Amino acid sequence: MRPLSRVLLLSCLLLAFGFSGQRTHAQGATSAGTDFWLGYMENLDLGLNGPPYLYLVVNALQSAQVVLEVPATGDAFPYSVPAGGSTVIYVPANFSYPVGAEVYYADGLHITADVPVTVHAIHHRLYFSEATLVLPYPELGTDYMVVAEKDVDGSSPSEFLVQATADGTAVQITPSVLTSSFRPAGVPFTVMLDAGNTFQLQSFDDLTGTVVTGLDPAKPIAVFGGSKMGRVTCMAATDHLWTQLMPTTSWGVHFAAVPYKDRGGDIFKILALNDGTTVTTTTGLTLPLDAGEYAAPLLSTPALITSDAPVAVVQFNQSQDCNGAPGDGCMAFVPPSDHRSLSSRFWSLTGPGGAPTGWTPLHTLNVVTQAKAGAPSVLLDGVDIGPQFLPMPAAAGWYYLRTDIVEGPHVLQSGSPYQAQVSAFGDYNGLTYYTGYQEEMVSTAVIGPERPAVLDLFVPVGAPWVFQAAQPGSQGTLTIVDATGRIVRQWSNMHDGQVVRHDLGPGAFAYLFQERQGGVRQRGRLVVMP
């Protein structure tokens, strides 16, 4: 291949990353997709709190045809989603969830669509509701570390669920604590699952730090963590906890934490992947952690969380008796701060029966964004809510908003990338989920520095090479683009000095390196030498 000229290099980058003002879809991290796998976890059945109501909210930029499948039975249910809108799908009433400390279950769900959509899953139950953003198939992986939650008085188990996407999937599990089925801590065991099958494990201790590994890299798995019934820091009130977990390859080093509106602060559980990890917050905390260890600080004000190695962050609303406002425990996996959107569609639900006491009639929206000069314009259902944003304390250039919304469908749009989180609270009840990330291609030039470093990289074909960042110690996403503007490779957890293994053939490519903190730090030519 003839080496690319500087002009062609810049053209490729403009096409791939939207510098020209046109946004294009890329094969990078995105919560939009056409293939999703979903597993519900065990909830508390008191008899008096009735059956569970299981929903899917499917959101589409284009008109979409969606199919909900139960692989174990072969049942399939078709639905339509209007362009720019959302459709609420009620999971069939005969579908339930696994019950028990160590159980295999056949009724996992599979959602497919003919165009990219985002999916939110909701588990409504009187006093025990919860919700999660559902990750598409390309966002799944084979390496996970569980985040769950222990019930304060130990009367109900923490739990997690593993779901297979392919037949003959072998999954190795190394519990962090003694399980309810007497699996010892630190001793791995293996389970076999077919497509759509799930495996649920429980413990009356906290299963956070449990390692879950799919043994075949060609067969990714989905993992969900939480608690059957969790009291979060308070004894009196309990709620179901459930969120989909990101694989460790998608963990990050920079997060924006915004506690929920009108509460006394939230617990942010921070789990380390590597030994010797140091986590800091703009509230002044310094937290040293080793692999599998976690800290769970209470943050009462919005803050940035940073680390020198990948971590997972999960936000917990406290039990109602702790926070002094209606709304019980719930949890949401916090995406790294570079997982942002320019446009989101979502439908906030109260529950069946028009929001009787104990369901979730109080709806709120958290938004966090970054800008160089004042809060940007952000449209909620066509109305500019930009003036409501406040500067984040001790975090220059970061802004946040917490506002009430009404039940029903909503559209959020902005010219600046943001993260948005929806919560619904009621009397001793609560649920929360993120709207998604990069539903439309986010221009990496929006927040980037004015003059990113231009640096050529030369690597040998078929052999590992060492990534050299223009700024020592940098961490972020490295993206390789071919002459047509197509993204051909992407590494989301790249750091200066990291050994890169690749299968690129001889030739010249364009590359771009974006730091976790946001912003293009480096771009140039990548030459693969024969």
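Conventions and cut-offs
- Residues numbered from 1 in each chain as written.
- Predicted model: local features only at pLDDT ≥ 70, side-chain atom pairs only at ≥ 80, totals over all residues.
- Heavy atoms only, no water.
- Phe/Tyr/Trp six-rings, centres within 6.5 Å; stacked < 30°, edge-to-face > 60°.
- Helix = DSSP H or I, 4+ residues; strand = E, 2+ residues; numbered from the N terminus.
- Buried < 20%, exposed > 50% of the residue type's maximum accessible area, 1.4 Å probe, protein only.
- Contact = heavy atoms within 4.5 Å.
- Polar contact = N/O pair within 3.5 Å; in protein donor to acceptor, adjacent residues only side chain to side chain.
- pLDDT = per-residue confidence, 0-100.
- Salt bridge = Lys/Arg side-chain N within 4 Å of Asp/Glu carboxyl O.
- Pairing = 2+ DSSP bridges.
- Axes fitted to C-alpha atoms, helices over the stretch in contact; angles between N-to-C directions.
- Core = buried A, V, L, I, M, F, W, Y, C linked by side-chain atoms within 4.5 Å.

Okay, the packing of aromatic side chains next. Within this structure, the stated rule accounts for nine aromatic pairs. Here the aromatic rings of Y40 and F95 are separated by 6.3 Å at their centres, their planes lie at 65°, and the arrangement is edge-to-face. Of this pair, Y40 sits in the loop between β1 (33-38) and β2 (53-60) while F95 is found in the loop between β5 (85-90) and β6 (102-105), placing the two residues 55 residues apart along the sequence. Judged by relative accessible area, which is 8%, F95 ranks as buried. With a centroid separation of 5.1 Å and an interplanar angle of 65°, the aromatic rings of Y55 and Y90 are classed as edge-to-face. Placement of Y55 in strand β2 and of Y90 in strand β5 is noted, with a sequence separation of 35 residues between them. With a relative accessible area of 54%, Y90 lands in the exposed category.

Quick look at the environment of H110 now. Secondary-structure assignment places H110 in strand β7 (residues 109-124). The class of H110 is buried, set by a relative accessible area of 11%. Taking the C-alpha atoms as reference points, H110 and E69, 41 residues apart in sequence, are found 5.0 Å from one another. For H110, the residues in contact, after removing those within four places along its chain, are D35, F36, W37, V67, L68, E69 and P71. Within the structure, the side chain of H110 is placed 2.5 Å from the side chain of D35, a separation counted as a polar contact.

Right, let's get into the confidence of the model for the protein chain. Of the residues in the protein chain, 89% have a pLDDT of 70 or more, and the chain-wide mean is 85. The low-confidence segment residues 1-27 (pLDDT under 50) makes 62 contacts with residues lying over four places distant or belonging to another chain. Predicted confidence for residues 440-450 stays below pLDDT 50, and this span has 43 contacts to residues more than four positions away or in other chains.

Counting across every chain of the model gives nine salt bridges. D262 is paired through a salt bridge with K261; the nearest N and O atoms lie 2.8 Å apart. The exposure class of D262 is exposed, given its relative accessible area of 55%. The exposure class of K261 is buried, given its relative accessible area of 19%. Overlapping salt bridges bring together E149, D206 and K269 as one network.

What follows deals with the sheet that holds strand β13 (residues 198-203). The strand order across the open sheet formed by five strands is β6-β13-β10-β15-β16, and the pairing between neighbours is antiparallel. Both outer strands of the open sheet, β6 and β16 (239-244), are each paired with one neighbouring strand and no more. Going from strand to strand, the sheet's axes swing by 15° on average, the running direction of each strand aside. As defined by bridge partners, β6 adjoins β13 across four bridges and the pair is classed as antiparallel. Each bridged residue has a counterpart across the sheet, and for Y104 the counterpart in β13 is F199.

Before going further, it helps to examine the nonpolar core. Residues L38, Y40, L56, I173 and V212 are the most contacted members of the largest nonpolar core, which totals 66 residues. Ranked by the residues each element gives to this core, the list is headed by β7, at seven residues. The residues touching I173, leaving out its near neighbours within four places in the chain, are F160, V187, P188, F189, V191, F199, L201, T210, V211 and V212.

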